[in-house]
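Commentary on secondary and tertiary structure
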Amino acid sequence: MAHSTVSKAYRHLVARINRFPQGAPPSELLYAILKMLFTEQEAEYVSLLPLRPFTLEKAAGIWKLPHKKVRCILDNLTSRGLLLDIEINRRPLYLMPPPMAGFFEFSLMRIRSDLDQKKLAELLYQYLNVEEDFIRELFTVGDSRIGRIFVHEPALPEALHLHVLDYEKASHIIRTASHISVGLCYCRHKMKHLQKSCNNPLNTCMTLNQAGAYQIRHGMGRKVEAAEGMDLLQQAYEHNLVQFGENAREQVNFICHCCGCCCEALLAAKRFAYAKPVHTTRFLPRIEPDRCTGCGKCIALCPVEALTSTDGDPRNREKAHPRLETERCLGCGICVRNCPSKALGLIPRDEHLITPLNSAHNVIAMAIERGKLQHFLFDNRVLWHHRALALVLGVILRLPPIQQMMAQRQMKSRYLEYLIARTYMTEKGS
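Quick summary incoming for the structure in this document. Source: prediction; values computed, not measured.

Our next topic: the overall build of the protein. A count of helices and strands for the protein gives 21 helices and 12 strands. In the protein, the proportion of contacts linking residues at least 24 apart, taken out of those at least 6 apart, comes to 70%. If you sum the accessible surface of the protein, you get close to 20,500 Å²; carbon and sulfur atoms cover 53% of it.

Here we take up the environment of Gln126. Inspection of the secondary structure assignment puts Gln126 in helix H7 (residues 117–131). C-alpha separation for the pair Gln126 and Leu29, spaced 97 residues apart in sequence, amounts to 7.5 Å. Once residues lying within four places of it in the same chain are set aside, the contact partners of Gln126 are Leu29 and Glu131.

By size, the foremost hydrophobic cluster in this structure holds 105 residues, and its most contacted members are Phe38, Trp63 and Phe104. The biggest single contributor to this core is H7, with seven residues. Grouped together as the second largest cluster of nonpolar side chains are 16 residues, Ala177, Val182, Leu232 and Tyr237 included.

Looking along the chain, the bond that leaves Met100 and enters Ala101 is cis, with omega of -5°. Inspection of the secondary structure assignment puts Ala101 in helix H6 (residues 99–106). Phi is positive for Asn209, which is not a glycine, with a value near 55°. Of note, Asn209 is situated in helix H12 (residues 209–217). Under the relative-accessibility criterion, Asn209 is labelled buried at 5%. Within the chain, Glu305 stands out as a residue other than glycine whose phi angle is a positive 60°. The class for Glu305 is partly exposed, based on a relative accessible area of 48%.

The next point concerns the packing of aromatic side chains. Going through the model one piece at a time under the given rule, you end up with 10 aromatic pairs. Judged by centre distance (5.3 Å) and plane angle (85°), the rings of Phe103 and Phe104 are edge-to-face. Measuring from centroid to centroid gives 5.5 Å for Tyr127 and Phe134, while their planes differ by 35°, and the two rings are tilted. Of the two residues examined, Tyr127 and Phe134, each falls in the buried class. Pairwise contacts between aromatic rings join Phe38, Phe103, Phe104, Tyr127 and Phe134 into one cluster. Positioned above the aromatic ring of Tyr167 is the side chain of Arg249, whose terminal nitrogen or guanidinium carbon lies 6.0 Å from the ring centre.

This brings us to helix H5 (residues 67–79). Taking 1.5 Å per residue, 13 residues should reach 18 Å; H5 reaches 18 Å between its end C-alpha atoms and fits that length. Along H5, the residues that are buried comprise Val70, Ile73, Leu74, Leu77 and Thr78. End-on, the buried residues of H5 take up no more than an arc of 130°, which puts them together on one face. With respect to the buried face of H5, the exposed residues turned more than 90 degrees away are Lys68 and Cys72. Those residues of H5 hidden inside the fold are in contact with helix H3 (40–47), helix H4 (56–63), strand E1 (84–88), strand E2 (91–95) and H12. Note on H5: the residue one or two positions beyond its end, Gly81, has a positive phi of about 80°.

Throughout the structure, instances matching the rule amount to 12 salt bridges. For the salt bridge of Lys190 with Glu264, the shortest nitrogen-to-oxygen distance reads 2.0 Å. Placement of Lys190 in helix H11 (residues 186–193) and of Glu264 in helix H14 (residues 264–271) is noted, with a sequence separation of 74 residues between them. Residue class for Glu264 comes out buried when judged on its relative accessible area of 3%. One network of salt bridges, with partners in common, ties together Glu132, Asp133, Arg136 and Arg271.

At 3.6 residues per turn, the α-helix brings residues three or four places apart onto the same side. Among the eight residues that make up H6, seven are buried, leaving the element largely enclosed by the rest of the structure. Three or more residues of H6 are buried, namely Pro99, Met100, Gly102, Phe103, Phe104, Glu105 and Phe106.

Moving on, we come to the sheet that holds strand E5 (residues 205–208). The strand order across the open sheet formed by six strands is E3-E7-E8-E5-E4-E6, and the pairing between neighbours is antiparallel. The open sheet has two edge strands, strand E3 (147–150) and strand E6 (222–223), and neither has a second partner. In the sheet, strand E4 (residues 180–183) pairs with E6 via two bridges, with the strands oriented antiparallel. In the strand pairing of E6, Ser181 is matched with Lys223.

Rules of the game
- Residues numbered from 1 in each chain as written.
- Predicted model: local features only at pLDDT ≥ 70, side-chain atom pairs only at ≥ 80, totals over all residues.
- Heavy atoms only, no water.
- Helix = DSSP H or I, 4+ residues; strand = E, 2+ residues; numbered from the N terminus.
- Contact = heavy atoms within 4.5 Å.
- Areas by Shrake-Rupley, 256 points an atom, 1.4 Å probe, with all protein chains shown as cover.
- Core = buried A, V, L, I, M, F, W, Y, C linked by side-chain atoms within 4.5 Å.
- Buried < 20%, exposed > 50% of the residue type's maximum accessible area, 1.4 Å probe, protein only.
- Phe/Tyr/Trp six-rings, centres within 6.5 Å; stacked < 30°, edge-to-face > 60°.
- Lys NZ or Arg CZ within 6 Å of the ring centre and 35° of its normal.
- Expected span 1.5 Å × (residues − 1).
- Arc of directions from axis to C-beta.
- Salt bridge = Lys/Arg side-chain N within 4 Å of Asp/Glu carboxyl O.
- Pairing = 2+ DSSP bridges.

Pasting the structure below:
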């Protein structure tokens, strides 16, 4: 429980953060982090903002301040990664990102002189890696996940290349992005301040499309073209880094190049493997014992410790064949690419995972699973206009039946029930 002396402004800000599906459990550490990032006045202002994108005029109405002053506040917050400014239908709009993936990362994706990044890194490490409530809730609640793994494409045999969809390829996401921003890896930068980092490259984190354009505008990352993005992807392959990206098929906002020692997603994959904290690829490695020499390279390189040594005489390397724990395996293909005896190959999993269409689809699914759907329909205590309500309900109607039932229970809405029933009748008729 957070200390009772915390001001109302920060308590209100935490309540606002926790209206979003990717919230943050209150604790002394969280309040200390927020005090570093937001002034007390900023905390109060941001706590009043809606979840959905809003205009300058909307913020001015909520805060009851002149437009000129509101613009200064918004510009200051966006320059520090605490709000996003985006363009929808040629309209400039603002949006508060969740803590992760969001303003926690933005705070360490560049070198800043206005912030004690070493102290912030220490607080974030304690909150995320020691206290664990935040990471456990972020990665294990419900079935929807914030991110997914991309397969190492050079590890795919020619026959499987034909079965990999474009959105499952990091190369396709990078080549087709409207904007690519490259910044510091938040995770390795944080660990560097704690003297726990590895020797993998730091300038690897890719923010894409509208989110990439935002970072480029505010100097949070370096603008690169697709060709350089592909070079960075190749560099990540050579360093055996795992590609972890937003769990969406369209307009993917980020691709990180992760190591198993520093990166939050892979650390969560090791700690909470039972809950499948990240969506894996559609592949698994197959081991051919007759070819295996027992060198142990695949075991050493696996970023989530999904490969272990079989029992046998440790003096006889030929008996030290790898054993795969399929529940832990990401299907990244790093072990396959690095096997010197070609004893490993990728094969399709029996289960085919469904990837949400876009960020909105995934966020609404997470909101349903976490009991927070009402916050999207009654944003800032006021019902959305009909177009926004139709957008949310449209996403709901594309969800699997079980999730639709969960949405009905949360909303207790006869109108939603009617829409879902109507959809099924239409599908039946067709």
